[in-house]
Protein chains: 2
Amino acid sequence: MDAVAALADRLPSGRVIADPDAMDAHSRDQTYAVPGEPLAVVLARDTSDVVTAVRWAAEHRVPIVPRGGGTGLAGGATATDGCLVLSLARMTAIRELAPADQLAVVEPGVITADLDRAAREHGLMYAPDPSSHEISTIGGNLATNAGGLRCVKYGVTRDSALGLEVVLADGRVIQTGGRTVKRVTGYDLTGLFVGSEGTLGVITSATVRLRPAPVGPPVTVLATFGSVSAAGAAAASIMGAGLRPSLLELIDRAMLRAIDDWRRIDLDTDTAAMIITQTDGPECPAEELLRHCEDAGADFAAMSTDEAEAAALLEIRRLAHPSAERLGNCLVEDVCVPRSRLPEMVGRVERAAERHGVTILTVAHAGDGNLHPVFIFERGLTEPPPDVQAAADEVFTAAIELGGTLTGEHGVGVLKRPWLDGELEPGVRDVQRQIKQALDPDGLMNPGKAI
Amino acid sequence: MDAVAALADRLPSGRVIADPDAMDAHSRDQTYAVPGEPLAVVLARDTSDVVTAVRWAAEHRVPIVPRGGGTGLAGGATATDGCLVLSLARMTAIRELAPADQLAVVEPGVITADLDRAAREHGLMYAPDPSSHEISTIGGNLATNAGGLRCVKYGVTRDSALGLEVVLADGRVIQTGGRTVKRVTGYDLTGLFVGSEGTLGVITSATVRLRPAPVGPPVTVLATFGSVSAAGAAAASIMGAGLRPSLLELIDRAMLRAIDDWRRIDLDTDTAAMIITQTDGPECPAEELLRHCEDAGADFAAMSTDEAEAAALLEIRRLAHPSAERLGNCLVEDVCVPRSRLPEMVGRVERAAERHGVTILTVAHAGDGNLHPVFIFERGLTEPPPDVQAAADEVFTAAIELGGTLTGEHGVGVLKRPWLDGELEPGVRDVQRQIKQALDPDGLMNPGKAI
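Residues numbered from 1 in each chain as written. Chains lettered and ligands numbered in written order. Predicted model: local features only at pLDDT ≥ 70, side-chain atom pairs only at ≥ 80, totals over all residues. Heavy atoms only, no water.

This part is about the overall build of chain A. Of the regular secondary structure elements, chain A holds 17 helices and 18 strands. The C-alpha atoms of chain A give a radius of gyration of 22 Å, which matches the 22 Å a tight globule of 451 residues would have. Its C-alpha atoms give chain A principal-axis dimensions of about 65 × 55 × 45 Å. Considering only residue pairs separated by 6 or more positions, chain A has 72% of its internal contacts joining residues 24 or more positions apart. When the accessible area of chain A is evaluated, it comes to approximately 15,300 Å², of which 49% is carbon and sulfur surface. (Helix = DSSP H or I, 4+ residues; strand = E, 2+ residues; numbered from the N terminus. Rg over C-alpha atoms; globule rule 2.2 N^0.38 Å. Contact = heavy atoms within 4.5 Å. Areas by Shrake-Rupley, 256 points an atom, 1.4 Å probe, with all protein chains shown as cover.)

In structure tokens:
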């Protein structure tokens, strides 16, 4: 504890927490992953706090676990025994918002939706919108290369990252990328740090791309289907036709009921699956979205320009994860398959649930082929029981077989590491480890995560 | 030469060239950079040829210079003394085109425009279109993260790369990324290899994103201006308003005249600068593009839906580089600035030309803030004379001062390396070297280029 006292001495007062109860809230993410007990937590307020903490950790060979809003779904921000938790949640400044260049320079603790609201005041938007956007931070979004509802049209977080300020494992601060939309001087370090889950350095600032906000009100299409596969087919058909909706979500019956149980929703919860899709521009006519749903055999399909109604529908979608959490512990998968394979993939999820007799609730960013089957198991268990494990295995395996991936937008964290070898060749894992070794030779940056 | 004979023995017949005259055509790109004399050239036909060549080079400590169409503008594919030139130009198969998943799997020697044409047969397009698209290859485009005219709307080559097959420096073959539009399992190796100019490995196949081709015919707006700055202001105004044209090019008087001298064009070559912009969808009304040009003080502005006329205009734009080459040796800059700084940047280019009394012809992907000032100097010189060097320095410095970069889309190659320290911090250069060292410890992959 002398070392922790020395750290506290080097930082402005109030930055270090070492009380176990107080540290607990900074040790978990939104998963069942059981955290270790950190040595201390640093609540950084600026880049220099981060540099001090990282240098101290390097001197004392203490692993660092960086974190933002703690909304992760893969255990990437879970504390390990004896680590230093480095919270960026209090670095909340939007340092600059430059409408003429359609960019912002932000600190990692900025809440995603706050940045979007700030941009909207200038007719712009910050496109990436994970369902947790009201509580997740830009730093966490960058660390996991987060997706969201709008990325079917506007791309994932990496597509919005122009440059980063990063504190490296040895405490040096570098600035990658910059303020231009094109730049090819040397390797793409910005893209490399995005999605690296804090294992290569700590992001202390980001220059992010803003985009013109849509001009007109969105048009929303709601459709219900007699089977999840039919809903999946509607989504694949919309995307395959070259339409670019601004979001395209699928919710299955089990998930609809979980949401309805928590917040009474005025929707048909007897339907097998529902599609919510939206267009925000004339290049994607709502009538076309409707027609694809009808052609795929929708029981019911309607379009609406009522903005309040649309907002309510999206709110329902965003309640999926907390609704599922009310039912027990959740293993949240994040498989993503080539778009045309979505109908097959949802079928494979249904069969895994039946075969193993486990409860799976599914919501999907269907336009991207990205499914979140949520496996429910008994609260209090620290890992999924064998039947859930077996069903999860089966779903992962199916995704890989269909040309897909274990994780489309949540990251690997600790929870998905056991399955990495199923997706990545030994050579790819080697190269990832070589890069890690080059940038963090002592292995102190979020060890045991991501790769 | 025993070693070369051994290499020829290991490969199918006809793959190796060792005659100096025959090797010369495989030793240059489109710049004045003087090539060294290679030990041999391998004309690879498949991945196994590449593996054989890379393993042989590793055994004999021979540097490898990979190349595609040889259309580079920075000397990235220039042979060095005693190297093995590894040409991928004969790996021309489109291995797969999957319309339902809007992707293609292609070999590196596929000509960029050929892939686009193949995609169009399915209502899709391959978006990146460097001006050299009829002669450049996908492999070269990936190596430099090439841009082009359409990237103002559709992004650069990296934005279209979903996955790569790469032969590493030790001859291992890895597959990065895959067939999904979202994927966050570990570090983004695809993005890292794209733009690495052959210094980390040799790309032998790529899974690339195709996009829905625009449905209607494009509408083209042509406008002329009394000053280059006014044309730059029109471009900045269009982008600042949130419009997304499918291309937005600027050509100055000197470049227009160079084109006109070569191919008689029916355009006003007395104008100070011309804007050619195009929209391919209803979300960007041509009337708005026209209005921004008029508001920025265009002498003349008109719109047209005549597709032949539009194609002729784009052909004129694509002739810029070969037209300039007729005047002498060309130092082609590729500076890119934040979009709002474009008017200032073009002013700085004009002043540099005046101050140093050198001829600069400018064309710009104006919507991206990406300028190509082409400095003309005496044919036969192997490097720019001092006045051109000084003017080029001044333009590079101005770009950095305005928050820009040395290179938006051409790459660093050998010709821009002397200026790297002006843009990149020592820490960034260190990290790039650490990654290079990790992946290519013997330094055999295109040494002396890019970083």
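This brings us to the relation of the copies chain B and chain A. Of the transformation superimposing chain B on chain A, the axial component is 0.0 Å and the angular component is 180 degrees, with the fit at an RMSD of 0.0 Å. When the rotation and shift are considered jointly, the pair of chain copies conforms to a two-fold rotation axis. When the interface residues of chain B are mapped onto chain A, 100% of them again fall at the interface, so both copies present the same face. (Least-squares fit on C-alpha atoms with pLDDT ≥ 70 in both.)

Here we come to the packing of helix α1 (residues 2–10) of chain B against helix α3 (residues 47–60) of chain B. Residues and elements named next belong to chain B. The interhelical angle for the contact between α1 and α3, taken along N-to-C directions, is 155 degrees, at an axis separation of 10 Å. Between α1 and α3, the interaxial angle falls into the category roughly antiparallel. Here the hand of the crossing between α1 and α3 comes out right-handed. Contact residues: Ala3, Val4, Leu7 and Arg10 in α1; Thr52, Ala53, Trp56, Glu59 and His60 in α3. Per-class residue counts for the contact of α1 with α3 are five nonpolar, two polar and two charged. (Axes fitted to C-alpha atoms, helices over the stretch in contact; angles between N-to-C directions. Parallel < 35°, antiparallel > 145°, perpendicular 65-115°, else oblique. Left-handed = near helix turned anticlockwise from the far one by under 90°. Nonpolar A, V, L, I, M, F, W, Y, C, P; charged D, E, K, R; others polar.)

With that settled, the discussion passes to the domain arrangement of chain A. Residue and element names in this part refer to chain A. On domain assignment, one finds that chain A holds domain 1 (2–87), domain 2 (94–212) and domain 3 (219–415). Computed over C-alpha atoms only, the centres of domain 2 and domain 3 are separated by 26 Å. Summed over both sides, the interface of domain 2 with domain 3 buries roughly 1,400 Å², with 47% coming from carbon and sulfur. Sorting the residues of domain 2 by area buried against domain 3 places Leu149, Val152 and Lys153 first, and these three jointly supply 49% of that buried surface. (Domains from an automatic or database assignment. Buried area = accessible area lost by both parts, 1.4 Å probe.)

Moving on, we come to the pairing of strand β13 (residues 247–252) of chain B. Residues and elements named next belong to chain B. Among the six residues that make up β13, six are buried, leaving the element largely enclosed by the rest of the structure. Side chains Leu247, Glu249 and Ile251 project from β13 onto one buried face, and the interleaved Leu248, Leu250 and Asp252 project onto a second face that is buried too. Sheet analysis places β13 next to strand β14 (residues 273–279), joined by six bridges and oriented antiparallel. Across the sheet, Leu248 pairs through a bridge with Thr277, a residue of β14. Of the pairings in the sheet, the one linking β13 to strand β17 (residues 360–365) comprises two bridges and is antiparallel in character. By the bridge assignment, Ile251 is partnered in β17 with Val363. (Buried < 20%, exposed > 50% of the residue type's maximum accessible area, 1.4 Å probe, protein only. Pairing = 2+ DSSP bridges.)

Moving on to the nonpolar core. In globular proteins that are soluble, nonpolar side chains generally tend to be buried together. Counting residues in each nonpolar core, the largest one holds 168 residues, and the members touching the most others are Met345 of chain A together with Met345 of chain B. Met345 of chain B has contacts with Val335, Val337, Leu371, Val395, Ala398, Ala399 and Leu402 of chain B, leaving out every residue within four places of it along the chain. (Core = buried A, V, L, I, M, F, W, Y, C linked by side-chain atoms within 4.5 Å.)

This next bit is on the interface of chain B and chain A. Between chain B and chain A, the residue contacts involve 75 residues of the former and 75 residues of the latter. Both faces combined, the contact of chain B with chain A buries some 5,800 Å², and carbon together with sulfur accounts for 59% of it. Taken together, the connections running from chain B to chain A amount to 10 salt bridges. The tally of links between chain B and chain A comes to 30 residue pairs in polar contact (both at pLDDT 80 or more). Top contributing element to the side of chain B that touches chain A by residue count: helix α17 (residues 426–439) of chain B, with 10 residues. Partitioned by chemical class, the residues of the side of chain B that touches chain A number 29 nonpolar, 28 polar and 18 charged. (Salt bridge = Lys/Arg side-chain N within 4 Å of Asp/Glu carboxyl O. Polar contact = N/O pair within 3.5 Å; in protein donor to acceptor, adjacent residues only side chain to side chain.)

Sites flagged by UniProt as "domain: FAD-binding PCMH-type" (unreviewed entry) map to residues 34–213 of chain A. Regarding residues 34–213 of chain A, the helix share stands at 24% and the strand share at 25%, and the terminal C-alpha atoms are separated by 41 Å. (UniProt positions renumbered as here; feature names shortened; annotations may be inferred.)

Okay, helix α15 (residues 386–401) of chain A next. Residue and element names in this part refer to chain A. Relative to the 22 Å expected for 16 residues at 1.5 Å per residue, α15 spans 22 Å between its end C-alpha atoms, a close match to the ideal helical length. Turning to α15, its buried residues are Val388, Ala391, Ala392, Val395, Phe396, Ala398 and Ala399. Buried residues of α15 fall within an arc of 160 degrees about the axis and therefore sit on the same side. Of the exposed residues in α15, the ones pointing more than 90 degrees away from its buried face are Pro386 and Glu401. Lining the buried residues of α15 we find β16 (329–332), α14 (342–356) and β18 (370–377). (Expected span 1.5 Å × (residues − 1). Arc of directions from axis to C-beta.)

Moving on, we get to the side chain of Asp280 of chain B. Residues and elements named next belong to chain B. When you line up the elements, Asp280 lands in the loop between β14 and α11 (286–295). Since its relative accessible area comes to 15%, Asp280 is described here as buried. A polar atom in the side chain of Asp280 sits 2.6 Å from the side chain of Lys153. One polar contact links Asp280 to Tyr154, side chain to side chain, over a distance of 2.5 Å. Leave out the neighbours within four places in its chain, and Asp280 touches Lys153, Tyr154, Pro214, Pro218 and Ser246.

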